[in-house]
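A structural walkthrough
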Amino acid sequence: MMCRYNLRMEDGLWTVIDSTTQQPAELDDVQMSRMTWREACDMVDILNNLDRLSFIAKRYETSARKTA
């Protein structure tokens with residue numbers, strides 16, 4: 001599975017980019033931009049893990065429906 005979120009440097013600070021939209025990522029309506037490198041790296045890890053969990057949950061939900 002390819003990572004959905006990546007980093008881009010803008011004006012010396014970092015923005016987390018959503019590869020599906022090519023726009024800054026948002027979490028709870030907060031744009032993930034103008035961060036230090038460490039903050040941005042942590043957010044990329046968090047957002048990619050949330051995306052993986054969502055994907056796995058949907059896969060199990062589909063599987064459970066088929067066996068019900």
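Residues numbered from 1 in each chain as written. Predicted model: local features only at pLDDT ≥ 70, side-chain atom pairs only at ≥ 80, totals over all residues. Heavy atoms only, no water.

1. Details of helix α1 (residues 37–67)
Spelled out, the test is: Numbered from the N terminus, helices here are DSSP runs of H or I no shorter than four residues, and strands are runs of E no shorter than two. By this rule the span expected of a helix is its residue count minus one, scaled by 1.5 Å. Per-residue accessibility, obtained with a 1.4 Å probe over protein chains only, is compared with the maximum for each type, and a residue is labelled buried under 20%, exposed over 50%, and partly exposed between these values. We call two residues in contact whenever any of their non-hydrogen atoms come within 4.5 Å of each other.
Compared with an ideal rise of 1.5 Å per residue, which puts 31 residues at 45 Å, α1 spans 45 Å between its outermost C-alpha atoms and is within 8% of the ideal. Within α1, the full set of buried residues consists of Ala40, Cys41, Met43, Val44, Leu47, Asn48 and Asp51. Packing partners of the buried residues in α1 comprise β1 (5–10), β2 (13–18) and β4 (26–27).

2. A few points about the packing of aromatic side chains
What counts here: Pairing of aromatic rings covers Phe, Tyr and the six-membered ring of Trp, with a centre-to-centre limit of 6.5 Å; geometry is then stacked below 30 degrees between planes, edge-to-face above 60, and tilted otherwise. Only Lys NZ and Arg CZ are tested; either one counts as a charge over a ring when it is within 6 Å of the ring centre and within 35 degrees of the ring normal.
A full pass over the atoms with the stated rule returns 0 aromatic pairs. In this arrangement the basic side chain of Arg59 is found over the ring face of Tyr60, its NZ or CZ atom lying 5.8 Å from the centre.

3. So, the pairing of β2
Selection rule: Strands are treated as partners if at least two bridges between them are detected by DSSP.
Across the 6 residues of β2, 5 count as buried, placing the element largely inside the fold. In terms of strand pairing, β2 meets strand β3 (residues 23–24) through 2 bridges, oriented antiparallel. Note that in β3 the partner of Ile17 across the bridge is Pro24. Where β2 folds back onto β3 in an antiparallel hairpin, the turn is made up of 4 residues, including Gln22, whose phi is positive at roughly 60 degrees.

4. What to know about the confidence of the model for the protein
Short version of the rule: Known as pLDDT, the predictor's confidence for each residue is given on a scale from 0 to 100.
Averaged over every residue, the pLDDT of the protein is 93; the share at 70 or more is 97%. α1 is the least confidently modelled element of the protein, averaging 92 in pLDDT, while β2 averages 98, the highest of any element.

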